[in-house]
Amino acid sequence: MVQPLDILKETSSQTAGPYVHIGCTPNITGIHGIYDADLGASMKTGPVKGQEITLTGTVYDGMGAALKDAMVEIWQADAAGIYPSAQDPRGSADPNFTGWGRSAGDMQTGAYRFETVKPGRVPFPDGRMQAPHVTFWIVARGINIGLHTRAYFADEPEANAEDPILTRIEHQSRIPTLLAEPDGSGGYRFDIHLQGPNETVFFDI
Amino acid sequence: MSNADKARAGGYIPRDRGWHPAPFHPPYKTSVKRAPQAALLSFPSTLSEETGPVFGHTMLGPLDNDLILNFAAPGEAAIGPRIIVHGRVRDEAGRGVAGALLEVWQANAGGRYRHKKESYLAALDPNFGGCGRVITDADGRYEFRTVMPGPYPWPNGMNDWRPAHIHFSLFGAGFAQRLITQMYFEGDPLIAHCPIIGSISDPAAVGALVAPLDMARTVPMDARAYKFDITLRGRRQTAFENRPEGL
Ligand SMILES: [Fe+3]
């Protein structure tokens with residue numbers, strides 16, 4: 001026998017199920033009067049610094065069908081690369097930017113949409129700079145544990161080429177699955193594929 | 001967290017994916033085409049995962065943690081057995097997680113969700129919305145009041161029923177801790193039949209999702225109580241930073 005380590009096990013994940021929106025975006029499902037507004041519906045509380053962008057996309061299953069019951073959350077730094085979080089020791093973020101968004105997706109198409117800003121660069125633990133990126137977290141019926149990934153920006157080739165994480169991906173042919181593409185009108189498109197030849201690179205972080 | 005503490009907080013401890021449910025679990029049919037097939041990309045957590053959105057107690061309404069009343073007409077209440085659900089959110093080192101936002105949702109006492117895609121013929125309760133939220137105190141403790149949800153059938157196998165459950169969504173201090181799970185109730189015979197719970201292979205991990213009846217927290221002549229403690233991921237603690245020897 002040896003001494004116990006006294007480390008607890010993380011509570012196991014379970015699927016968010018088909019009704020995640022009742023709990024997380026009740027107003028969108030028609031449950032009004034409990035919360036004034038759905039959390040994460042807006043990432044801006046006033047005028048924000050930096051380049052304002054829209055980030056849109058669709059989550060596809062292994063048959064190529066769009067998920068209409070997913071919930072997508074994003075978390076990102078402000079335009080200066082600072083997170084609006086007490087855990088960021090580097091200073092104060094833009095006070096009018098929350099950094100966090102939540103989308104139930106369009107009722108007909110499932111497409112998510114965020115009105116946000118293009119994030120600045122954030123350091124890796126060893127001090128190298130990461131390319132600008134937005135962290136994604138996807139849950140839905142049939143997804144037993146929430147999926148983490150990142151959207152990088154296709155129009156940041158120099159930063160992407162030296163990103164400590166992108167450069168570590170074994171199959172470099174999969175990098176385009178992590179690139180949000182400019183849509184020509186100030187927005188970016190980032191589709192997520194749960195399976196198939198274009199399966200998005202998902203992260204174990 | 002003080003600056004001294006920050007200096008000692010390392011990255012997040014990796015997830016034990018064998019303790020979590022298998023993403024691909026054919027008895028849960030929807031998982032078959034929604035489970036990624038490639039290996040996940042592993043790397044040490046960065047500021048992007050060690051930070052996360054902050055939710056303050058001031059955003060909460062007075063009835064946010066009371067599902068019996070938060071959708072009910074004045075003077076009325078949700079139908080069903082009244083229960084209190086309480087517990088503590090802690091990290092893997094056992095430290096309470098203060099300021100954690102918990103969002104919960106559930107079917108009503110008859111097993112019916114308030115959702116237009118819901119097809120179960122059990123009756124809606126006009127006084128039950130089905131969602132609530134609470135933020136943990138300085139110790140990581142939380143409590144909310146609701147009605148016992150009913151089990152419900154779902155289209156998977158020909159005759160599958162979910163055990164009674166409450167869905168939980170949790171935010172810790174870092175986005176790496178983001179978690180959605182479900183709480184089950186002690187003694188529910190449907191737990192052993194559920195293909196969703198069956199995606200978890202370790203019986204101890206299933207047991208950690210089952211809340212015991214807690215007679216000590218029961219309110220006599222009013223509500224029974226169930227205790228559900230939740231563990232979020234923890235960070236490595238170290239006095240030794242990664243740096244080349246000799247510096
Ligand atoms: Fe459910």
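Up top you'll find the structure we're talking about.
Scope of this entry: the structure provided in the associated data block. Source: prediction; values computed, not measured.

So, on to the side chain of Lys 118 of chain A. All names here are of chain A. Locating Lys 118 in the fold gives a position in the loop between strand S5 (112-117) and strand S6 (133-139). In terms of polar contacts, Lys 118 uses its side chain to reach the side chain of Glu 156, at 2.9 Å. In terms of polar contacts, Lys 118 uses its side chain to reach the side chain of Tyr 188, at 3.2 Å. Sequence-distant contacts of Lys 118, defined by excluding residues within four places in its chain, comprise Gln 51, Ile 53, Gln 76, Asp 78, Ala 79, Phe 153, Asp 155, Glu 156 and Tyr 188.

Below, the discussion takes up the interface of chain A and chain B. Of the residues lining the interface, 74 residues belong to chain A; the matching set on chain B comes to 84 residues. With both sides pooled, the region where chain A packs onto chain B buries about 7,200 Å², and carbon together with sulfur makes up 59% of that total. Interface area lost by chain A to chain B is led by Glu 10, Gln 14 and Tyr 19 of chain A, which between them contribute 12%. Where chain A touches chain B, the interface holds 42 residue pairs in polar contact (both at pLDDT 80 or more). Every element with two or more residues in the side of chain A that touches chain B is listed here: helix H1 (20-24), strand S3 (71-75), strand S4 (100-103), S6, strand S7 (147-153) and strand S11 (203-204) of chain A. Looking at the side of chain A that touches chain B residue by residue, the classes come out as 39 nonpolar, 19 polar and 16 charged.

Applying the stated criterion across every chain, the model contains 19 aromatic pairs over all chains. When the centroid spacing of 5.3 Å and the interplanar angle of 90 degrees are considered together, the rings of Trp 100 of chain A and Phe 55 of chain B count as edge-to-face. With Trp 100 of chain A in strand S4 and Phe 55 of chain B in the loop between helix H2 (47-50) and strand S3 (82-91), this pair bridges two chains. Overall, Trp 100 of chain A belongs to the buried group, its relative accessible area being 4%.

With that settled, consider the sheet that holds strand S11 (residues 210-211) of chain B. Residues and elements named next belong to chain B. Pairing in this open sheet of five strands is mixed, and the strands run S5-S4-S9-S10-S11 from one edge to the other. Of all the strands in the sheet, the pair left with one neighbour each is strand S5 (131-135) and S11. Examined bridge by bridge, strand S4 (residues 101-105) and strand S9 (residues 165-171) share five bridges and lie antiparallel to one another. Looking across to S9, one finds that Trp 105 is bridged to His 167.

Cut-offs used in this document
Residues numbered from 1 in each chain as written. Chains lettered and ligands numbered in written order. Predicted model: local features only at pLDDT ≥ 70, side-chain atom pairs only at ≥ 80, totals over all residues. Heavy atoms only, no water. Helix = DSSP H or I, 4+ residues; strand = E, 2+ residues; numbered from the N terminus. Polar contact = N/O pair within 3.5 Å; in protein donor to acceptor, adjacent residues only side chain to side chain. Contact = heavy atoms within 4.5 Å. Buried area = accessible area lost by both parts, 1.4 Å probe. Nonpolar A, V, L, I, M, F, W, Y, C, P; charged D, E, K, R; others polar. Phe/Tyr/Trp six-rings, centres within 6.5 Å; stacked < 30°, edge-to-face > 60°. Buried < 20%, exposed > 50% of the residue type's maximum accessible area, 1.4 Å probe, protein only. Pairing = 2+ DSSP bridges.

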